[in-house]
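Letter by letter, the chains look like this.
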Amino acid sequence: MENYNIDASVSLVKSFAQNKTVLIPIIEQFNELKNDMELPATVSWLPSLLNLQVTKKSQFHENVWDYNEDYLNPPKSVQGAKLRINFNDYPCIPNFVMTEIKCLLHMCVLTPMAFKKTKVKKQDRISTRPNTVIAHFEAGLRYIDKVFQDLSSLGQEFINERFQSLTDVLDNDFRTTAKCFEYVAGNELRKFLYYLTHPYTKNILGSCIEVDFESMEWPEHKQKKREAKRYFANEDFEKLALHSTFTVIDFLTRLSKDVEDKTALKHFNAFNKRRDLNFNFNESTLNDYILLRLWSKGYSQGFIASKCHVPREFCDPFGKLYPHREVRNIMNGKHNIRHFDHVRNYINQVYYSSAIITALLTGMRPEELSEIRISSCLVVHEGYDVLVSNVKKNDFENLKLFDDKWVAIAIIKDAIKAASMISSLKNNDFLFSNVDTVSPTKAATNMSSSGIKHFIDNYLNVVLGKERTKSIKFNSYMFRHSLAYQLHRIELGLPFISFQLKHVVDRVGKYTSFGSSSGTTLGYGEIAENIIANKSMNKSIRRDAEVERIKTVMDPDGVYVGPNAKEHKVRLNKVFQGYMEVGYTKDEIFDAMADQGMAVINVGTGFCFGGMEDYDESIPCIGSLRCNPIRCKNAIVGKANIPKWKEVYASNTALLGKDGYEDRKSQLLEAIEEAKQVLIYLGEAVD
């Protein structure tokens, strides 16, 4: 809105506040005000206020204000109802009071800088999204409506005469309702009450509300116990990362495409993760399948030719494509395809994997994921490959870490490459979009948060199983929270759950100047805090990581292997037995240890039975305990060390038979066997 419109709106609202005594007698005629109605000279501006365009779709006098056309490119999760407010939903609030609240709402959206706690410089541009203000006011209107509902016992005539402004409601009236208010007095309601008592609100109400809302007593509402975690369990994170990675690499290698992530390719080959398919799949298969999908959907031959090669065997002597059923029959023999559902399922799994690996290793919000356009999401910024959402891709000067751009490690670039090749058959450039082919008569669309949840659940069912997926209760913020959790784990000395995280922290460290992952104090927790700005949420996730860290080395019921594993458990049992005899549970002891900061102490030497003088530099560094039970008689190793030993196994297996390593074959075999024995020792199957 132009400045002169803002100034005019502010002037009208102030005029309303200054002329309340004149306006109150004609309040009932507000919504039916005629242009020829005679008004006192002091309120001749009233029609201008009532006809004021408060949004592109709504005028002040209307009872529904719709901001859907005022918010440029709103996320799918916000569009629609969250950008509309219906004042009819609060019937107990008197008309004049509702008009005051309308004025306040309009000012909060129009001039948000006026309601800031600290003085804002004129040149600083502050904006508040309409959906945010609407959430504050809907919570506030529920409360104000209940206040007047409680007052209705005094009689409607008394209310109309006594309460002609929000400032007429007494402190005790507000407190009486607060004590039995059925809704949770959350942040949204508290923000609304903050608006009411802000000094600037005097310009809207005509006088101040002298109520101390901060000291009010609200009923305690028991929060529903959260059954599911806010992030993926380590095992689930590992399965999703590896399955997605290997599926993408399988796809690219079948098409003879270069794989950017050489580490992932090395693991793929070492652990023989190539999928078994009952049909021939290569670049020719994909090309023909793209043709078939587009042709059967009704696209023209000219359009199809712009997306893929049109082989001669699919065309009649005049060069026109055969009917799609005939094309399908030709493809059956050409690529040994028994049923096209097999091809579709494989393609879908690759596409799901591309989307999941992108979400898992960037920690994007759902609204940001839904805006990723495959053709334009990868760009170079300050010499680094980064991923951007479509909305802000050309506006780098306003971007912040983990807000509008994300470091794109090699596997993410591989994932986008795979998704790009598949997007042609869908004719949809959005990464998070339906796996079906878009009709020629319809525009390509992205997914809402609920659509993303359905998309991810389908994939989780395949990778983790339906029962596990059901217990996880996935929500679209789990990717963001999971990445933060893993970064906290790394800082606390727990081994990488997935080797992909090593790439993430390396690149993020260099890109953000937090320092690379070669140091001992890595600062990953600081990066995690940038991912989740909510301090209480971040603190909770950090705490979970600290408790896990303690459990890996101090759980008396934990699994430890090595010559001194038995002695280690005896020590722990003695410590825990004393506390448990006086009534503490094991979890309470872990929590107490976390409170004492034990998670951030490197306990490696404290638990090594050999002592400092026996430390052997040649022993591989595995997590913070630096233990190898095959070579060291003092070693103590737990399940948390498995990922690192898998990496040792894969790295050395990949070098076998490689040019330049012929003279090191015996050393490589020794390292492979050593890693294999450690993994077997830990109960891990090795092919």
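This is a predicted model, so every value here is computed, not measured.

Asks: Quick question: what am I supposed to make of the overall build of the protein chain here?
Replies: When helices and strands are tallied, the protein chain shows 28 helices and seven strands. Sorting the 687 residues of the protein chain into buried and exposed places 49% on the buried side. When contacts within the protein chain are restricted to residue pairs at least 6 apart in sequence, those whose partners lie at least 24 apart make up 66%.

Asks: Explain the pairing of strand E4 (residues 384-388) to me, please; I cannot follow it from the model alone.
Replies: The two faces of the sheet receive side chains in turn, since in a regular strand these alternate between them. Relative to E4, strand E3 (residues 378-381) is paired through four bridges, and the arrangement is antiparallel. Following the sheet pairing, Leu-378 is matched in E4 by Leu-387. Note that E4 and strand E5 (residues 405-407) share three bridges and pair antiparallel. Bridged to Val-388 within E5 is Lys-405.

Asks: It is not clear to me how the confidence of the model for the protein chain should be interpreted in this structure. Could you clarify?
Replies: Atom-level detail of predicted coordinates should not be read off regions where pLDDT is low. For the protein chain, mean pLDDT is 77; residues scoring 70 or higher make up 74% of the total. In this model, residues 598-626 is a region of pLDDT below 50 whose contacts with residues beyond four sequence positions or in other chains number 59 contacts.

Asks: Explain the packing of helix H15 (residues 340-360) against helix H17 (residues 410-426) to me, please; I cannot follow it from the model alone.
Replies: Between two packed helices, what matters for the description is the angle formed by their axes and the separation of those axes. It is the contact of H15 with H17, at a shortest axis distance of 9 Å, that shows an interaxial angle of 140°. Considering their axes alone, H15 and H17 lie oblique with respect to each other. Considering the relative orientation of H15 and H17, their crossing is left-handed. Counted together, Ile-347, Val-350, Tyr-351, Ser-354, Ile-357 and Thr-358 of H15 and Ile-411, Ile-412, Ala-415, Ile-416, Ala-418, Ala-419, Ile-422, Leu-425 and Lys-426 of H17 form the full contact between these two elements. For the contact of H15 with H17, a count of residues per class yields twelve nonpolar, two polar and one charged.

Asks: Sorry, what's going on with the packing of H15 against helix H18 (residues 449-463) here?
Replies: Following both chains from N to C, one finds H15 and H18 inclined at 110°, their axes separated by 10 Å at the closest point. When the axes of H15 and H18 are compared, the pair comes out roughly perpendicular. Here H15 runs over H18; the crossing is left-handed. Packed against H15, whose contacting residues are Gln-349, Tyr-351, Tyr-352, Ser-353, Ala-355 and Ile-356, the element H18 presents Phe-455, Ile-456, Asn-458, Tyr-459 and Val-462 at the interface. Its residues assigned to classes, the contact of H15 with H18 shows eight nonpolar, three polar and no charged.

Asks: Would you explain the packing of aromatic side chains in this entry?
Replies: Note on aromatic pairs: each is described by the distance of the centres and the angle between the planes. For the coordinates displayed, the defined rule picks out 26 aromatic pairs. Considering the side-chain rings of Phe-137 and Phe-192, the 5.1 Å spacing of their centres and the 85° angle between planes classify their relative orientation as edge-to-face. Of this pair, Phe-137 sits in helix H5 (residues 130-151) while Phe-192 sits in helix H8 (residues 187-197), and the two are 55 residues apart along the sequence. On the accessibility criterion, Phe-137 (0% relative accessible area) is buried. Each residue in the set Phe-115, Phe-137, Phe-192, Tyr-194, Tyr-195 and Tyr-200 is aromatic and connected to the rest through ring pairs, giving one cluster. A cation sits over an aromatic face here: Lys-102 above Phe-60, 5.6 Å from the ring centre. Its end group placed over the ring of Phe-340, Arg-328 keeps NZ or CZ at 4.9 Å from the ring centre.

Asks: Looking at this structure, how should I read unusual backbone geometry?
Replies: If you check the backbone angles, Asn-336 has positive phi at about 60° while not being a glycine. Within the fold, Asn-336 resides in the loop between helix H14 (324-335) and H15. Given the relative accessible area of 42%, Asn-336 is considered partly exposed. At Lys-473, a residue that is not glycine, the phi angle is positive and equals roughly 55°.

Asks: So what exactly am I meant to see when it comes to the pattern of salt bridges here?
Replies: Oppositely charged side chains are able to pair whenever their charged atoms sit close together. Counting across every chain of the model gives 15 salt bridges. The salt bridge involving Asp-457 is made with Lys-453; its shortest N-O contact spans 2.9 Å. Of this pair, Asp-457 and Lys-453 both sit in helix H18, four residues apart, which is roughly one turn of the helix. Judged by its relative accessible area of 17%, Asp-457 is buried. The class of Lys-453 is partly exposed, set by a relative accessible area of 32%. Bridged by salt links that share partners, the residues Lys-57, Asp-66 and Arg-84 form one connected network.

Asks: Teacher, can you tell me more about the sheet that holds E5 here?
Replies: Strands pair in a sheet through their backbones, by hydrogen bonds, and they do so in one of two ways: parallel or antiparallel. With antiparallel pairing, three strands are arranged side by side in an open sheet as E3-E4-E5. Looking at which strands have only one partner, the edges of the open sheet turn out to be E3 and E5. Strand-to-strand twist across the sheet, computed as the mean angle between neighbouring axes with direction ignored, equals 45°. Against the sheet, H17 makes contact with E3, E4 and E5, and its axis sits at roughly 50° relative to E4, the strand it touches most.

Asks: Just checking my understanding: could you explain H17 for this structure?
Replies: Note that an α-helix has 3.6 residues per turn; residues three or four places apart therefore point the same way. Here H17 spans 25 Å end to end across 17 residues, near enough to the 24 Å set by a 1.5 Å rise per residue. Phi turns positive, to about 55°, at Asn-427, one or two residues after H17.

Asks: Sorry, what's going on with H14 here?
Replies: Over its twelve residues, H14 extends 16 Å from the first C-alpha to the last, a length consistent with the 16 Å expected when each residue adds 1.5 Å. For H14, the set of buried residues is Val-327, Met-331 and His-335. Across the axial projection of H14, the buried residues extend over an arc of 45°, all falling on one side. Exposed and facing more than 90 degrees away from the buried side of H14 are Arg-325, Asn-329 and Gly-333.

Asks: How do you make sense of the side chain of Thr-285 when you look at a structure like this?
Replies: Of note, Thr-285 is situated in helix H12 (residues 283-297). Within polar-contact distance, the side chain of Thr-285 engages the side chain of His-335 at 3.3 Å.

Asks: Even after reading the chapter, I still don't get the nonpolar core, so can you show me in this structure?
Replies: Soluble globular proteins: nonpolar side chains tend toward being buried together. Within the largest apolar cluster, 85 residues are counted, with the highest numbers of intra-cluster contacts made by Phe-232, Phe-251 and Phe-455. Considering each element in turn, this core owes the most residues, twelve residues, to H15. Judged by nonpolar contacts, the second largest core, of 66 residues, contains Leu-189, Leu-193, Tyr-195 and Tyr-200.

Rules of the game
Residues numbered from 1 in each chain as written. Predicted model: local features only at pLDDT ≥ 70, side-chain atom pairs only at ≥ 80, totals over all residues. Heavy atoms only, no water. Helix = DSSP H or I, 4+ residues; strand = E, 2+ residues; numbered from the N terminus. Buried < 20%, exposed > 50% of the residue type's maximum accessible area, 1.4 Å probe, protein only. Contact = heavy atoms within 4.5 Å. Pairing = 2+ DSSP bridges. pLDDT = per-residue confidence, 0-100. Axes fitted to C-alpha atoms, helices over the stretch in contact; angles between N-to-C directions. Parallel < 35°, antiparallel > 145°, perpendicular 65-115°, else oblique. Left-handed = near helix turned anticlockwise from the far one by under 90°. Nonpolar A, V, L, I, M, F, W, Y, C, P; charged D, E, K, R; others polar. Phe/Tyr/Trp six-rings, centres within 6.5 Å; stacked < 30°, edge-to-face > 60°. Lys NZ or Arg CZ within 6 Å of the ring centre and 35° of its normal. Salt bridge = Lys/Arg side-chain N within 4 Å of Asp/Glu carboxyl O. Expected span 1.5 Å × (residues − 1). Arc of directions from axis to C-beta. Polar contact = N/O pair within 3.5 Å; in protein donor to acceptor, adjacent residues only side chain to side chain. Core = buried A, V, L, I, M, F, W, Y, C linked by side-chain atoms within 4.5 Å.

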